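Each chain, written out:
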Amino acid sequence: LSGIEARPSGTGIARAARAIATAAPGASVVVFVTGAAGALADLRAASLRAPVTARSVAVRATRHEQPARRVLGDLVFADVAELEQLPAALRAVSE
């Protein structure tokens, strides 16, 4: 079972995570996708509100960062500058 839900900018990624926790409390993986404006603190707050059973990962699309895998608490995330980097980024966050 999977789902994709787009949220308009300004809705708040932490609020979306809380909604996911309510709608799918048994989720095993939650993937947050955001643009360059997605602040690390917001991603961390969202991961804390995700279902406790879920592994949270994030992908941040930004033109000004080198592709990188980063860890922030329990959240693993990747920065990607181009769509072609997405497969490698997803492999990196799954490690």
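The notes below deal with the structure included here. Just so it is clear, the model here is predicted, and its values are computed rather than measured.

Things to note about the pattern of salt bridges
Pairs can form between side chains of opposite charge once their charged atoms are near each other.
So, step 1. Under the criterion given, the structure shown has 2 salt bridges.
So, step 2. Note that D79 and R60 form a salt bridge whose closest N and O atoms lie 2.7 Å from each other. Of this pair, D79 sits in strand 4 (residues 75-80) while R60 sits in strand 2 (residues 55-61), and the two are 19 residues apart along the sequence.
So, step 3. For D79, the salt bridge is made with R70, and the minimal N-O distance between the two is 2.9 Å.
So, step 4. Residue D79 is classed as buried on the basis of its relative accessible area of 1%.
So, step 5. By relative accessible area, R70 is classed as partly exposed at 31%.
So, step 6. Three or more residues are tied together by salt bridges with common partners; here these are R60, R70 and D79.

What to know about the sheet that holds strand 2
Sheet strands line up and pair through hydrogen bonds in the backbone, either parallel or antiparallel.
So, step 1. Taken in spatial order, the 4 strands of this open sheet run 1-2-4-3, and their pairing is mixed. The sheet terminates laterally at strand 1 (29-35) and strand 3 (68-72), the two strands that pair on one side only. Direction aside, the axes of adjacent strands within the sheet are offset by 20° on average.
So, step 2. The pairing of strand 2 with strand 4 spans 5 bridges and is parallel. Pairing of V57 across the sheet is with V76, part of strand 4.
So, step 3. Contacts between helix 3 (residues 86-93) and the sheet are confined to strand 2, strand 3 and strand 4, with strand 4 contributing the most and set at about 165° to the helix.

A few points about the nonpolar core
So, step 1. Residues A17, A27, V30, F32, L43, A46, A50, A54, A58, L75 and F77 constitute the largest nonpolar core, which totals 11 residues.
So, step 2. Mapped onto this core, the elements with two or more residues apiece are strand 1, helix 2 (40-49) and strand 4.
So, step 3. In this view, F32 contacts I13, A17, L43, A46, S47, A50, S56, V57, A58 and V59; residues no more than four positions away in its chain are not counted.
So, step 4. Counting residues in each nonpolar core, the second largest holds 7 residues, with V76, A78, V80 and V93 among its members.

Cut-offs applied
Residues numbered from 1 in each chain as written. Predicted model: local features only at pLDDT ≥ 70, side-chain atom pairs only at ≥ 80, totals over all residues. Heavy atoms only, no water. Salt bridge = Lys/Arg side-chain N within 4 Å of Asp/Glu carboxyl O. Helix = DSSP H or I, 4+ residues; strand = E, 2+ residues; numbered from the N terminus. Buried < 20%, exposed > 50% of the residue type's maximum accessible area, 1.4 Å probe, protein only. Pairing = 2+ DSSP bridges. Axes fitted to C-alpha atoms, helices over the stretch in contact; angles between N-to-C directions. Contact = heavy atoms within 4.5 Å. Core = buried A, V, L, I, M, F, W, Y, C linked by side-chain atoms within 4.5 Å.

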